[in-house]
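Structural characterization, general
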Amino acid sequence: MPRTTHKTGALGRIAIATLVKVHACVLVAGLAAPLLAPAPAVAQTAATVMADQVFVDGSGRLVASGSVEIWQGSVRVTAERVMFDRVSDSLDIQGPITISDGPDQVVMADAAQLSPNLRAGLVTSARVVLDQQMQIAAARIEAGVNGVSQMEAVVASSCPVCASDPTPLWEIRADRVIHDNNTGRIQFQRAQFRFAGVPILYAPRLNLPAPGTTRLRGMLRPEVSLDSDLGLQAGIPYFIPFGDTSDLTLTPRASSRGMVSLGFRYRMARQNGGIEIGGQISRDQLLPGQTRGYGYVRALFHLANDWVLSADVLAASERSYLETYDITSEARLHGHITLERIRRDQAVRARFLGFYSMRLADDNDTLPNAATQVDAEHHHSLAGGELTLGMGATAFVRHSSLDGIQGRDVARANVRLSWRRSEILPGGIVATGALAGRFDHVRVDDDSAYPDPLNRQAAQAMVELRWPWATTTDSGARHVIEPVMQVIDSRRNGVTLPNDDNTMPELDAGNLFALTRSSAEGAPDDGARINAGLRWARQDASSWSTEALVGRIWRRDTLAGFDPAHVQPLGGARSDWLLAGRLSHSDGYALTLRMLLDDDANVTRAETNFAWAGDRTEVSTSYLYLPASSFEARTVTLSEWSLDVKHELNNGWRTTVGWDYDVAQSIFAAARTGLAYSNECLAVNLTLARHFVTATNPSASTRFNMRVELLGIGGRAPNSSGRTCRA
């Protein structure tokens, strides 16, 4: 039979595709899936073939050459030449070859001999790209119809391999690799891990989840860090799933300075919520012979009838562990277990609280260690206003049994009732009236200064007038000015209650016009007083927004519980002047200010914060001023300026620098800097911090930390902003 040849140009390919489709449907029926995909349980359909030349040679083989493309469903195959032999029922494909089924799996090779359905066969000089993350280069790939592929002489990495730099930053070399696409598991046999071409780890067998695979039992990405206290650390997390709703991750770690630890994390998910339990157990040379650790529990469940149960508890074996192992830098730990229900007209909450101070100057035996709170509020409409009925109970204990505040335990219960109504008067004046009453029953242990039990009744009445003015200028800027005045009278019968949780009351824009500035129940805002202030807000078309507030409190008598000799913004018959403001812009600028001034214009408190976020640079700075106060147990004046700057450089580099400067003593309290780098396959984060000797820090210390993450392993996606190969 003479050979028949069809030659086409760019326009003629559409016509030849129609002709070739008839032959392809008969001879190459069922080209359905990529090389490494499992066989779907669906009927196979015909494929479409396009090529520059299509002919039948003298042996009866269908030959397509020149930019060959085959489509079937979502599968697309490109090659230079394809021959189909009906006698041997095989495809001989010559490359370069590309087989893809979407972006998750792409195979590139020089040559292949496959079955007509492209599910089984042999591929040589191949490169497999999984989930756009990991690249696997193999001299030979043998694909089976069961979705399992075996590869020989393998090099795997998520780093780019360029002609000018053929050695990837990290790679896994193996004699043999088995990829089970059904389970998403990749097994490396006789594996060798190399960094910058240098072998650093050998494993007879290494199981890893394929990129994009979730909930597969096996090792996750390695964790490598360098710390000034613990030395060089390395850890390999191991993930163990229990069905689809729970799992356990174990992370053994070791360091060059004799530290060994085991981290754990258990997670369980249910339809109405989930729970996470984790922690770490360690032995190191910092405290030889001691086993240390920490643990935490986090939970959230939505129960029946709108009830929500939540928990967040963290505990450590001793103070320094959390800081040494970089778990948290909080000065005081607090945890809770809470059951609550929030509805439109009611709120109910019951919670158990625990506290532990990490500060060396604090004695946890004399601080409240555990507390229980129960509170309920119901809202009703009454006489054109809102009636609120509340009931609550609180109890806390100290470990110490000393007589007085160092050992005092308190339990209190209260009932409260309030009513509030607002009306708009002629001229646009907003008038508000409020009434509030409260009864407290308190029992005190380990403090002979207070009789047991204690009862107190308190009542308050308030009238408030607001007169907002609004105008718009010719430039489009909108101004709102609002003078506000409140007249409040409070009366209290009964004894003075112990005040344990409101020893640092503040005056700010959030509580200037509140019925009480006390955050707790033990220190009510008593007496007759006037709260007055002036608000101003401006917003223009150029996205600038400005807010300002100035105000003060005038009292008939000095507030009980404050010694006039103490420096305190609320202590006298007249409070300090409050000046507060905010300036912001949509481009990322934000400035906030709060300042308190006494009658002599002396600053008694000051706090400013400025933040700016640009395309590559972020700046955050703050200043805090608090004078010495025996009432607030502060023996020295705090005047601290903090600054943090982040800048993103080219080629994946980022840098940070910051410091805390004690203006009062003209010394640095802390300095910190960091350098980070990330590319397609690696993330490195280096930090350095120096703490200097100050009035609150008796010893200087320096600490550095470096963390290295291998991207593209264990579900962590590579960075898309890294470098690319250049000619």
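Before going into details, it helps to say that this report is about the structure given with it. On a predicted model such as this, the values are computed, not experimentally measured, just so you know.

1. Some thoughts on the nonpolar core
One recurring pattern in soluble globular proteins is that nonpolar side chains are buried together. Ranked by size, the top nonpolar core spans 49 residues in total, and within it Ile93, Ile136, Trp170, Ile172, Ile186 and Phe188 carry the most contacts. Ranked by residues supplied to this core, first place goes to strand 5 (residues 75–85) with five residues. With residues up to four places along the chain from it excluded, the contact list for Ile136 reads Ala126, Arg127, Val128, Leu130, Met151, Val154, Val155, Ala156 and Ile186.

2. Remarks on the environment of Leu597
Considering the arrangement of structural elements, one finds Leu597 in strand 35 (residues 589–597). It is 6.8 Å that separates the C-alpha atoms of Leu597 and Leu578, two residues lying 19 residues apart in sequence. Ignoring any residue separated from it by four or fewer positions in sequence, one finds Leu597 in contact with Asp576, Trp577, Leu579, Asn602, Val603 and Thr604.

3. Focus on the packing of aromatic side chains
Within the structure shown, the criterion is met by twelve aromatic pairs. With a centroid separation of 4.7 Å and 40° between ring planes, the pair formed by Trp653 and Tyr677 is classed as tilted. In this pair, Trp653 is assigned in strand 39 (residues 653–662) and Tyr677 in strand 40 (residues 667–678), connecting sequence segments 24 residues apart. When the centroid spacing of 4.9 Å and the interplanar angle of 70° are considered together, the rings of Tyr661 and Phe668 count as edge-to-face. For Tyr661, a relative accessible area of 22% corresponds to the partly exposed category. Connected via pairs of aromatic rings, a cluster forms that spans Tyr294, Tyr296, Tyr321 and Tyr325. Sitting above the plane of the Tyr296 ring, Arg298 keeps its charged end 4.4 Å from the centroid. Cation over ring: Arg466 sits above Phe513, and NZ or CZ is 5.6 Å from the ring centre.

Basis of the calculations
Residues numbered from 1 in each chain as written. Predicted model: local features only at pLDDT ≥ 70, side-chain atom pairs only at ≥ 80, totals over all residues. Heavy atoms only, no water. Core = buried A, V, L, I, M, F, W, Y, C linked by side-chain atoms within 4.5 Å. Buried < 20%, exposed > 50% of the residue type's maximum accessible area, 1.4 Å probe, protein only. Helix = DSSP H or I, 4+ residues; strand = E, 2+ residues; numbered from the N terminus. Contact = heavy atoms within 4.5 Å. Phe/Tyr/Trp six-rings, centres within 6.5 Å; stacked < 30°, edge-to-face > 60°. Lys NZ or Arg CZ within 6 Å of the ring centre and 35° of its normal.

Spatial relationships are all this shows, so hold off on functional conclusions.
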